[in-house]
Amino acid sequence: MRTGEMVTIVHGERELMERTAHLLASATDVACAANDLATWARAQASGELADAIRHRRPGDVRIRKVYRSALLLDPVAAQGLARDRDRHGAQIRITADEINETIILDRRLVILAGDVRAGQRSYSVITQPETVQGVTSLFEAAFRSATDLAVYDTQIAEIRQLAPQVLDLLSQGVKDETAARTLGLGVRTYRRRVAELMDALGAESRFQAGVRARELGLV
């Protein structure tokens, strides 16, 4: 562990838990931003990290989370988000923007996820007030601009069902008219699905959507 002025660098989830488990267990306001569910739940500490927050009674703690939209294309991950919302009262929002992977506890402590090296992720644990305030402001802006998970429930289910077929047709360079006919859709509906899929993947082009879909194992 390397310590600076009100900033501590820890290596691995075990060390992170040893330093912050009591804070997670007692926090009354938890904010989290992540690109995927694995960021804060790796290796042997995964269950403890989840239990530290989830075993609280609804109303004991305000939980707000922002995730990348591509996560919803994974059925298991999407079910996990819905479970957090329904069982634990978490407010979950979705964004297509890049996310700085962060946990904020009671607006007094920030945990920033770092790089993975030699199988271990490093984390910065920050209590410096000005830095905590700045990170909190960034989270609040991201949360306000993100979309509530409920809006995606039906839409993402439909997109997830069509995603492999749409991406396959895109990768083959099939024209929109032909692709729409193959899927039994109108051309406008097909193009809307392509746009929604690109948005869910955080892609700015059809080519980028294909690349990210392969990274996610969708094709």
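Everything discussed here concerns the structure shown above.
In this text the structure is predicted, and so the values were computed from the model without any measurement. Think of each chain on its own: its residues are numbered from 1, step by step along the sequence as written. With the structure being a predicted model, the display of local features is reserved for residues of pLDDT at least 70 and the display and counting of side-chain atom pairs for 80 or more, all residues being used for whole-chain, interface and lining totals. Based on all heavy atoms of the structure, the side-chain values leave hydrogens and waters out of the count.

Caption draft 1: Seen up close, the nonpolar core. Among the nonpolar cores identified, the biggest contains 27 residues, and Tyr 67, Leu 72, Leu 81, Ile 92, Ile 94 and Leu 105 are the most heavily contacted of them. Two residues form a contact once any of their heavy atoms are found within 4.5 Å. When residues no more than four places from it in sequence are discounted, the contact partners of Leu 81 are Leu 37, Tyr 67, Leu 71, Leu 72, Ile 92, Ile 94 and Leu 149. To qualify as a nonpolar core, a set must consist of buried Ala, Val, Leu, Ile, Met, Phe, Trp, Tyr and Cys residues joined through side-chain atoms within 4.5 Å. When accessible area is computed with a 1.4 Å probe and restricted to protein chains, residues below 20% of their type maximum are described as buried, those above 50% as exposed, and intermediate ones as partly exposed. Leu 170, Ala 179, Tyr 190 and Leu 197 belong to the second-largest nonpolar core, a separate cluster that totals 20 residues.

Caption draft 2: Quick look at helix H6 (residues 176-183). Buried residues of H6: Asp 176, Ala 179 and Ala 180, and no others. Axial view of H6: buried residues confined to an arc of 100°, hence all on one face. Residues Arg 181 and Thr 182 are exposed on H6 and point more than 90 degrees away from its buried face. Comment: elements are numbered from the N terminus, with helices defined as DSSP H or I runs of at least four residues and strands as E runs of at least two. Count one or two residues on from H6 and you reach Gly 184, which has phi positive near 70°. Relevant arc is that of directions from the helix axis to the C-beta atoms, nothing else.

Caption draft 3: Region of the structure containing empty space enclosed by the protein. The definitions used throughout rest on a 1 Å grid laid over the protein atoms alone, on which a cavity is an enclosed set of points accommodating a 1.4 Å probe that cannot get out and a pocket is an open set flanked by protein within 12 Å on both sides along at least five of seven lines; lining residues are those having an atom within 4 Å of a point. Grid points are joined across faces, edges and corners, and a volume is the space filled by probe spheres set on the points. Applying the stated rule across the entire model yields two cavities of 30 Å³ or more. Within the residue set of the lining of the largest cavity, elements represented by two or more residues are strand E3 (29-34), strand E6 (102-105) and helix H4 (129-145). Note that Gly is not counted as nonpolar here; it falls among the polar residues with everything else outside the nonpolar set of Ala, Val, Leu, Ile, Met, Phe, Trp, Tyr, Cys and Pro and the charged set of Asp, Glu, Lys and Arg. A class-by-class count of the residues in the lining of the largest cavity yields four nonpolar, one polar and five charged.

Caption draft 4: Structural detail: the environment of Arg 121. Along the polypeptide, Arg 121 turns up in strand E8 (residues 120-126). In this structure Arg 121 comes out as buried when scored by relative accessible area, which is 13%. Expressed as a C-alpha distance, the spacing of Arg 121 and Leu 16, which sit 105 residues apart in the sequence, is 9.9 Å. Each polar contact in these results corresponds to two N or O atoms within 3.5 Å; when the atoms are within protein, one needs to be able to donate a hydrogen and the other to accept it, and residues that are neighboring in sequence are counted only if both atoms are side-chain atoms. Engagement of the side chain of Arg 121 in a polar contact is seen with the backbone oxygen of Gly 114, the distance being 2.8 Å.

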